[in-house]
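So you can see what is in the structure, the chains are spelled out below.
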Amino acid sequence: MPSITSPGPSGAADEPRWLDAAEKEAWTGLISLALLMPGRLEAPLQQAAGVTLFEYMTLSQISEAPDRRIRMSELAYLTNGSLSRLSNVVKRLENRGWVTRSPDPADGRYTLAALTSAGHEVVVAAAPVHVRSVRELVLDPLSKTDRQALARIAAKLRTRPADYGTEPG
């Protein structure tokens, strides 16, 4: 089987554009980040608060919403999860007493997820652990120029929603 850098039998009409060494290095770096970083960020959250990275991101997004309430469809967008995945996660969070769901009084076609006091306590306790991991594993090893390049690359690859909150710096 040919590798990503070495072509197989040539002559095919739709011959792929194989990766050169620099492209393979860039690709390997990206896929390593995508596959390894979530686990590295999740382990401290599991140990300290008993939550997965996706659960923490869900709780965090709800905690930052006005009145700690947000439509499930918006939450799915912000957490980059499907509505079905998010619904399953929110159900687990409901079972723990951290989130409640109710119809949106402004439009009953939508469901609101709301953070309970107990859920807020979880976010408050987990946030320092998460930010330490983010700093240690992602931000501190990078220079300001590297961080700007990372944000620019994420925007070019459209991996970050355009309206996702950013802070200057």
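To be clear, the structure that these remarks concern was listed above.
Within each chain, residues carry numbers counting from 1 in the order of the written sequence. With the structure being a predicted model, the display of local features is reserved for residues of pLDDT at least 70 and the display and counting of side-chain atom pairs for 80 or more, all residues being used for whole-chain, interface and lining totals. Water and hydrogen atoms were dropped before computing side-chain values, which therefore reflect all heavy atoms in the structure.

Engineer: What should I look at first to understand the sheet that holds strand 3 (residues 107-115) in this one?
Structural biologist: Paired through their backbone hydrogen bonds, the strands of a sheet run either parallel or antiparallel. What the three strands build is an open sheet, ordered 1-3-2; its pairing is antiparallel. The open sheet has two edge strands, strand 1 (69-71) and strand 2 (99-104), and neither has a second partner. Ignoring strand direction, the axes of neighbouring strands in this sheet form an average angle of 30°. Pairing between strands is defined by DSSP: at least two bridges between them are needed. The helix count covers DSSP runs of H or I at least four residues long, the strand count covers runs of E at least two residues long, and both are numbered beginning at the N terminus. Here six bridges tie strand 2 to strand 3, and the two strands are oriented antiparallel to one another. Under this scheme, a helix contributes an axis fitted over its contacting stretch, all axes are lines through C-alpha atoms, and angles between N-to-C directions fall in the 0 to 180 degree range.

Engineer: Mind showing me how you'd approach the environment of Pro38 here?
Structural biologist: Position of Pro38 relative to the elements: it lies in helix 1 (residues 21-49). It is 9.6 Å that separates the C-alpha atoms of Pro38 and Thr52, two residues lying 14 residues apart in sequence. Every residue pair with non-hydrogen atoms within 4.5 Å of one another is taken to be in contact. If sequence neighbours within four positions are ignored, Pro38 has contacts with Leu33 and Leu53.

Engineer: Please clarify how the side chain of Asp104 should be interpreted in this entry.
Structural biologist: With respect to the element layout, Asp104 can be found in strand 2. For Asp104, the residues in contact, after removing those within four places along its chain, are Arg71, Tyr110, Thr111 and Leu112.

Engineer: Help me out: how do you make sense of a nonpolar patch on the surface in this one?
Structural biologist: Patch definition: residues with relative accessible area over 30% and no salt bridge; like charges joined within 9 Å; nonpolar side chains (Val, Leu, Ile, Met, Phe, Trp, Tyr) joined within 5 Å. Here the open area of atoms and residues is found with the Shrake-Rupley method and a 1.4 Å probe, where only the protein chains shown may cover a residue. When a carboxyl oxygen of Asp or Glu is within 4 Å of a side-chain nitrogen of Lys or Arg, the pair counts as a salt bridge. Nonpolar side chains collect at one region of the surface, where Trp27, Leu30, Ile153 and Leu157 lie side by side and expose about 380 Å² of accessible area between them. As for its position among the elements, Ile153 is in helix 6 (residues 144-156). Summary of the burial criterion: residues with accessible area below 20% of their type's maximum are buried, those above 50% are exposed, and those between are partly exposed, where the area comes from a 1.4 Å probe applied to protein chains only. Judged by relative accessible area, which is 45%, Ile153 ranks as partly exposed.

Engineer: Which parts of the structure should I look at to understand helix 3 (residues 72-79)?
Structural biologist: Because an α-helix packs 3.6 residues into every turn, residues spaced three or four apart end up facing the same way. Of the positions making up helix 3, those classed as buried are Met72, Leu75, Ala76, Leu78 and Thr79. All buried residues of helix 3 project into a common sector of 165° when viewed along the axis, lining one side. Against helix 2 (53-64), strand 1, helix 4 (83-95), strand 2 and strand 3 lie the buried residues of helix 3. Among the residues trailing helix 3, Asn80 stands out with phi positive, at a value near 55°. Directions drawn from the helix axis to the C-beta atoms are what define this arc.

Engineer: I'm lost on the pattern of salt bridges in this one. Help?
Structural biologist: Taken as a whole and assessed by the stated rule, the structure comprises five salt bridges. For Glu55, the salt bridge is made with Arg92, and the minimal N-O distance between the two is 3.2 Å. Of this pair, Glu55 sits in helix 2 while Arg92 is found in helix 4, placing the two residues 37 residues apart along the sequence. By relative accessible area, which is 2% here, Glu55 ends up buried. Here Arg101 and Glu94 are joined by a salt bridge, their closest N and O atoms 2.7 Å apart. Residue class for Arg101 comes out partly exposed when judged on its relative accessible area of 28%.

Engineer: What exactly am I supposed to notice about the side chain of Asp107 here?
Structural biologist: Its location among the elements puts Asp107 in strand 3. Here the side chain of Asp107 touches Arg109 through a polar contact of 2.5 Å, side chain to side chain. Pairs of N or O atoms within 3.5 Å make up the polar contacts considered here, provided that, within protein, one atom can donate a hydrogen while the other can accept it, and that residues adjacent in sequence are counted only when both atoms are side-chain atoms.

Engineer: Explanation requested: helix 6 in the structure shown.
Structural biologist: By this rule the span expected of a helix is its residue count minus one, scaled by 1.5 Å. Between the first and last C-alpha of helix 6 there are 18 Å, a value that for 13 residues agrees with the 18 Å anticipated at 1.5 Å per step. One or two positions beyond helix 6, positive phi appears at Arg158, with a value near 55°.

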